[in-house]
Amino acid sequence: MVKVLYIDCCIRRDQSRTRILTEAVLEALQAKEAYQVERLCLMDEPLMPLSEGFFAQRESLLAEHDYLHPRFRYAHQFSQANRVIVAAPFWDLGFPSLLKLYIENISVDGITFGVDERGTHGLCKAERLLFLTTRGGDYRNSKLEMGARYLGALCEFWGIPRFDVVAADGLDLGREEVKTILDCAIEEALTLVGNF
Ligand SMILES: Cc1cc2nc3c(=O)[nH]c(=O)nc-3n(C[C@H](O)[C@H](O)[C@H](O)COP(=O)(O)O)c2cc1C
């Protein structure tokens, strides 16, 4: 059984176009017996930033190698997944800070990555991470796009060898029907997960 962790950061929930794209992908995966999808909706989680006491607690737990503390549950869940799907809209040239908060919570030395004299190395099991996003403007091949590029770099950090992104660009430009753009992105994503 291939364990797929779906991280939902579609802040607008049922209004979200990113979710429309993602649900089509999940439906296709769930139709196959080989995949088991676990959903993590970030909007429903009590995620906290690494600040003050919460940061200090992490430092002392890690100093004691106490990796079983409940606060590390997100990191364990992430590191054990065989595939990861992240869905988030394009906000402020990147993605919502809620996703950064999640990233901050799962990037734990000793769980998702390790450090030795040669540098850092990833500890995650996942072979692939697929990022699904929708953008108001058209940022294809733009150096201003920081969300997908950052997640791609993090995959290297976490030891996930393959990173793919499917983006529906230009949804707020009015140049093309939203449905046309979304259908095109759905088709691209379905082809990608045909062999996930
Ligand atoms: C807070 C916020 C920030 C946004 N920032 C950008 C941006 O920097 N560039 C852009 O092209 N669109 C931006 N947008 C538009 C969204 O990328 C676009 O509407 C997207 O499809 C929203 O996804 P959703 O329908 O899944 O919520 C922003 C929208 C919001 C609400």
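Everything numeric in this text was worked out from a predicted model, so none of it was measured.

Participant: Outline the site of the ligand, listing residues and values.
Facilitator: Around the ligand, the surrounding shell holds 16 residues, and the nearest of these are Arg12, Ser16, Thr18, Phe90 and Gly137. Ser16 is positioned such that a nitrogen or oxygen atom in its side chain is 2.6 Å from an oxygen atom of the ligand. Take Phe90: an N or O atom from its main chain is 2.6 Å from an oxygen atom of the ligand. Partitioned by chemical class, the residues of the shell around the ligand number six nonpolar, five polar and five charged.

Participant: Report on the packing of helix α3 (residues 73–80) against helix α4 (residues 97–106), specifying residues and quantitative values.
Facilitator: Running from N to C, α3 and α4 point in directions that differ by 85°, and their axes come no closer than 8 Å. Classified by the angle between their axes, α3 and α4 sit roughly perpendicular to one another. Facing Tyr74, Ala75 and Phe78 of α3, the residues of α4 in contact are Tyr102, Asn105 and Ile106. Here the residues of the contact of α3 with α4 sort into five nonpolar, one polar and no charged.

Participant: Any chance you could break down the packing of aromatic side chains for me, citing the residues and the numbers?
Facilitator: Scanning the entire structure with this criterion turns up six aromatic pairs. Ring centres of Phe78 and Trp158 lie 4.8 Å apart, and the angle between their planes is 65°; this geometry places the pair in the edge-to-face category. Taken as a pair, Phe78 in helix α3 and Trp158 in helix α5 (residues 147–158) lie far apart in primary sequence, 80 residues in all. Given a relative accessible area of 1%, Phe78 falls into the buried group. Judged by its relative accessible area of 1%, Trp158 falls in the buried class. An aromatic cluster of at least three residues, connected via ring pairs, comprises Tyr74, Phe78, Tyr102 and Trp158. Cation over ring: Arg135 sits above Phe90, and NZ or CZ is 5.4 Å from the ring centre.

Participant: Just give me the short version of the environment of Tyr139, but keep the residues and values in it.
Facilitator: For Tyr139, the location among the structural elements is in the loop between β6 (128–134) and α5. A relative accessible area of 21% places Tyr139 in the partly exposed class. When the C-alpha atoms of Tyr139 and Phe95 are compared, they prove to be 13 Å apart, with 44 residues separating the residues in sequence. The contact partners of Tyr139, leaving out residues within four places of it in the chain, are Phe90, Leu93, Leu144, Glu145 and Asp169.

Rules behind the numbers
Residues numbered from 1 in each chain as written. Predicted model: local features only at pLDDT ≥ 70, side-chain atom pairs only at ≥ 80, totals over all residues. Heavy atoms only, no water. Near = heavy atom within 4 Å. Polar contact = N/O pair within 3.5 Å; in protein donor to acceptor, adjacent residues only side chain to side chain. Nonpolar A, V, L, I, M, F, W, Y, C, P; charged D, E, K, R; others polar. Axes fitted to C-alpha atoms, helices over the stretch in contact; angles between N-to-C directions. Helix = DSSP H or I, 4+ residues; strand = E, 2+ residues; numbered from the N terminus. Parallel < 35°, antiparallel > 145°, perpendicular 65-115°, else oblique. Contact = heavy atoms within 4.5 Å. Phe/Tyr/Trp six-rings, centres within 6.5 Å; stacked < 30°, edge-to-face > 60°. Buried < 20%, exposed > 50% of the residue type's maximum accessible area, 1.4 Å probe, protein only. Lys NZ or Arg CZ within 6 Å of the ring centre and 35° of its normal.

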